[in-house]
Amino acid sequence: MNVYGMRAELGDQGAVKMWHMTKDGALTALCNRDLDPAAPVDHDSAWTHTKQPLCHTCGALYLRQVPYESMISG
Ligand SMILES: [Zn+2]
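Here the structure is a predicted model, which means the values were calculated and not measured.

**Some details on the overall build of the protein chain**
Helix and strand counts for the protein chain stand at one helix and three strands. For the protein chain, the sequential pattern of α-helices and β-strands runs β-β-β-α. Scored against the burial criterion, the 74 residues of the protein chain give a buried share of 31%. Of the roughly 4900 Å² of accessible surface on the protein chain, a fraction of 55% belongs to carbon and sulfur atoms.

Set out below in structure tokens:
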């Protein structure tokens, strides 16, 4: 079972620059960007609700993988 979660990419001032999606608690996002272990995290269900910038590559990969995996594992 794959567990997805959001992890932030931080800008210069320590503010959230962009949210990425990670899998199984990895520090490397779906788009292959390495993220700071100290960066804020959020549940993947917040992906479609946040008003902060989202990584387009992570979004495309996440939305493509999740329905498929829930279909084959269910
Ligand atoms: Zn990303």
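**Focus on the coordination of the zinc ion**
Of the protein atoms, only H20 (ND1), C31 (SG), C55 (SG) and C58 (SG) coordinate the zinc ion, at distances of 2.0 to 2.3 Å. Every donor counted, the four donor atoms about the zinc ion form angles of 102 to 120° at the centre, which fits tetrahedral coordination. Donor residues for the zinc ion, ordered by position in the chain, follow H-x10-C-x23-C-x2-C. Note that C31 is positioned in the loop between strand 2 (16-23) and strand 3 (41-43) and C58 in helix 1 (residues 56-73), a separation of 27 residues in sequence.

**Considering the packing of aromatic side chains**
Under the counting rule described, the total for this entry stands at two aromatic pairs. Aromatic side chains Y4 and Y62 sit 5.3 Å apart centroid to centroid with 65° between the ring planes, which places their arrangement in the edge-to-face category. Taken together, the positions of Y4 in strand 1 (residues 4-10) and Y62 in helix 1 put the pair 58 residues apart, joining distant regions of the chain. Overall, Y4 belongs to the buried group, its relative accessible area being 9%. You can call Y62 buried: its relative accessible area is 10%. One aromatic cluster in this structure is built from Y4, W47 and Y62.

Here is what the cut-offs are and how they apply
Residues numbered from 1 in each chain as written. Predicted model: local features only at pLDDT ≥ 70, side-chain atom pairs only at ≥ 80, totals over all residues. Heavy atoms only, no water. Helix = DSSP H or I, 4+ residues; strand = E, 2+ residues; numbered from the N terminus. Buried < 20%, exposed > 50% of the residue type's maximum accessible area, 1.4 Å probe, protein only. Areas by Shrake-Rupley, 256 points an atom, 1.4 Å probe, with all protein chains shown as cover. Donors = N, O, S within 2.8 Å, 3.2 Å for Na, K, Ca; no water. Tetrahedral: all angles 85-135°; square planar, octahedral: opposite > 155°, others 65-115°. Phe/Tyr/Trp six-rings, centres within 6.5 Å; stacked < 30°, edge-to-face > 60°.

Everything listed is a geometric property; what it means functionally is a separate question.
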